[in-house]
Amino acid sequence: MAVYEIAGLRVDMEAVGRTALQAKPYLTDTPGPADCVIRCDPAALLRQMPQCKTEDLAEYMWTGAYFARRLLDFDGLQLHASAVELEGKAWLFTAPSGTGKSTHTEKWRRLFGAKPLNDDKPALRKLAEGWVACGTPWSGKTDLSSPWSVPLGGIACLERGEENRIRRMTGAEALPYIFSQCVRRLEAEQMDRQLSLLDALLTQVPVWLLTARNDDEAAWVAREGML
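*Asks:* How should the overall build of the chain be read in this particular structure?
*Replies:* For the chain, the helix and strand inventory stands at 7 helices and 12 strands. What you see for the chain is a C-alpha radius of gyration of 17 Å, in line with the 17 Å of a compact globule of 227 residues. By its C-alpha atoms, the chain is 50 × 35 × 35 Å across when sized along the principal axes. Taking all 227 residues of the chain together, 50% fall into the buried category. In the chain, once contacts between residues fewer than 6 apart in sequence are set aside, the share between residues at least 24 apart is 68%. A total of about 10,800 Å² of accessible surface is found on the chain, and carbon and sulfur atoms cover 51% of it.

Put into structure tokens, the structure is as follows:
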């Protein structure tokens, strides 16, 4: 048994392989009850998820999905996005897989000195002081994550285009972009909770539509528009 602090929650999780390796920076020895307990049988999971090919990947995918659902009980949700920290705030770039989220945040790290927060599945939590973005061990194909929470500066919905431009969206405009990158396989009560959190998020946090080429100018246009 190991206890981790992830997104401000104490997570009692039995894990091996990749999951345990990427969760190692989140280990904590502070006492207290667990907010979330994660137990699984990797062999059984692989039988249920043969597309994962290995027990290690099945465990990694399942534990991440389980945590995302439990996060809803703590005014939090998981967003498919690449997140970096710059100037004391978290900036998220969300889009369907293959659009270029990680490529774009790599430019922010290289050009502006941004720090990686999570490259695939950051957690967002609504706290008394406002929204924060948090690193999690579930970071997609990379191991780019950091075990801290940062005030959320804003979210850019990324799409490819022939020119680089950015504009602020209303909450109604942003909802289909953001909702499509949230957890979808939820029970009715969990979905209601997620929709309520999304309503608060889109009311309180700025969201932009970023149309971008795959060049450095795109990062400069995004930074100027968002910061």
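*Asks:* Explain the packing of helix α5 (residues 171–179) against helix α6 (residues 188–204) here, please?
*Replies:* Helices that pack against each other are described as a pair by the angle of their axes relative to one another and the distance between those axes. Contact pair α5 / α6: the axes reach a minimum separation of 10 Å and the direction vectors enclose 135°. Judged by the inter-axis angle, α5 sits oblique to α6. The hand of the α5/α6 crossing is right-handed. Here G171, A174, L175, I178 and F179 of α5 lie close against α6, whose contacting residues are M191, Q194, L195, L198 and L202. Counted by class, the contact of α5 with α6 contains 8 nonpolar, 2 polar and no charged residues.

*Asks:* Sorry if this is basic, but what is going on with the layout of surface pockets here?
*Replies:* If a probe the size of a water molecule is rolled over the atoms, the empty space left behind becomes visible. In this structure, the largest pocket occupies an estimated 690 Å³ of space. In terms of residues, the lining of the largest pocket owes the most to one element, helix α3 (residues 55–71), which gives 7 residues. By residue class, the composition of the lining of the largest pocket is 11 nonpolar, 7 polar and 5 charged. As a volume, the second largest pocket reaches approximately 360 Å³. Elements supplying a minimum of two residues to the lining of the second largest pocket: α3 and α4 (101–112). Taken together, the residues that form the lining of the second largest pocket break down as 3 nonpolar, 10 polar and 6 charged.

*Asks:* Any chance you could explain the pairing of strand β5 (residues 81–86) here in plain terms?
*Replies:* For a regular strand, side chains alternate in direction, first toward one face of the sheet and then toward the other. With 6 of its 6 residues buried, β5 lies for the most part within the structure. Side chains of β5 alternate between two faces, with A81, A83 and E85 and S82, V84 and L86 buried alike. Where β5 meets strand β6 (residues 89–94), 6 bridges bridge the pair, whose relative direction is antiparallel. Counterpart to E85 in the pairing with β6 is A90. Two successive antiparallel strands, β5 and β6, enclose a turn made up of 2 residues, where E87 displays a positive phi of approximately 55°. Across 3 bridges, the pairing between β5 and strand β7 (residues 115–118) is antiparallel. Within the sheet, the bridge partner assigned to V84 lies in β7 and is P116.

*Asks:* Please clarify how the packing of aromatic side chains should be interpreted in this entry.
*Replies:* In this description, an aromatic ring pair is defined by two values, namely the gap between the centres and the angle between the planes. The final tally for this structure, using the stated rule, is 5 aromatic pairs. Judged by centre distance (5.5 Å) and plane angle (80°), the ring pair of W108 and F112 falls under edge-to-face. Linking W108 with F112, this pair stays in helix α4, spanning 4 residues, or about one helical turn. Owing to a relative accessible area of 0%, W108 belongs among the buried residues under this scheme. Using a relative accessible area of 15% as the deciding quantity, one classes F112 as buried. Seen from their ring centres, F112 and W220 are 4.8 Å apart, and the 80° between their planes marks the pair as edge-to-face. Taken together, the positions of F112 in helix α4 and W220 in helix α7 (residues 216–226) put the pair 108 residues apart, joining distant regions of the chain. Residue W220 is classed as partly exposed on the basis of its relative accessible area of 46%. Over the ring of W208 we find R168, and its NZ or CZ is 6.0 Å from the ring centre. Between the NZ or CZ atom of R223 and the centre of the ring of F112, over which it lies, the distance is 5.0 Å.

*Asks:* I tried to follow the packing of α4 against α7 on my own but got confused; where do I start?
*Replies:* Running from N to C, α4 and α7 point in directions that differ by 80°, and their axes come no closer than 9 Å. In terms of their interaxial angle, α4 and α7 are classed as roughly perpendicular. Every residue of α7 that contacts α4 at H104, K107, W108, R110, L111 and F112 is listed here: D216, A218, A219, W220, A222, R223 and M226. Classifying every residue of the contact of α4 with α7 by side-chain character gives 8 nonpolar, 1 polar and 4 charged.

Rules used in this analysis
Residues numbered from 1 in each chain as written. Predicted model: local features only at pLDDT ≥ 70, side-chain atom pairs only at ≥ 80, totals over all residues. Heavy atoms only, no water. Helix = DSSP H or I, 4+ residues; strand = E, 2+ residues; numbered from the N terminus. Rg over C-alpha atoms; globule rule 2.2 N^0.38 Å. Buried < 20%, exposed > 50% of the residue type's maximum accessible area, 1.4 Å probe, protein only. Contact = heavy atoms within 4.5 Å. Areas by Shrake-Rupley, 256 points an atom, 1.4 Å probe, with all protein chains shown as cover. Axes fitted to C-alpha atoms, helices over the stretch in contact; angles between N-to-C directions. Parallel < 35°, antiparallel > 145°, perpendicular 65-115°, else oblique. Left-handed = near helix turned anticlockwise from the far one by under 90°. Nonpolar A, V, L, I, M, F, W, Y, C, P; charged D, E, K, R; others polar. 1 Å grid on protein atoms, 1.4 Å probe; cavity = no way out; pocket = protein on both sides within 12 Å on 5 of 7 lines; lining within 4 Å. Points joined across faces, edges and corners; volume = space filled by probe spheres on them. Pairing = 2+ DSSP bridges. Phe/Tyr/Trp six-rings, centres within 6.5 Å; stacked < 30°, edge-to-face > 60°. Lys NZ or Arg CZ within 6 Å of the ring centre and 35° of its normal.

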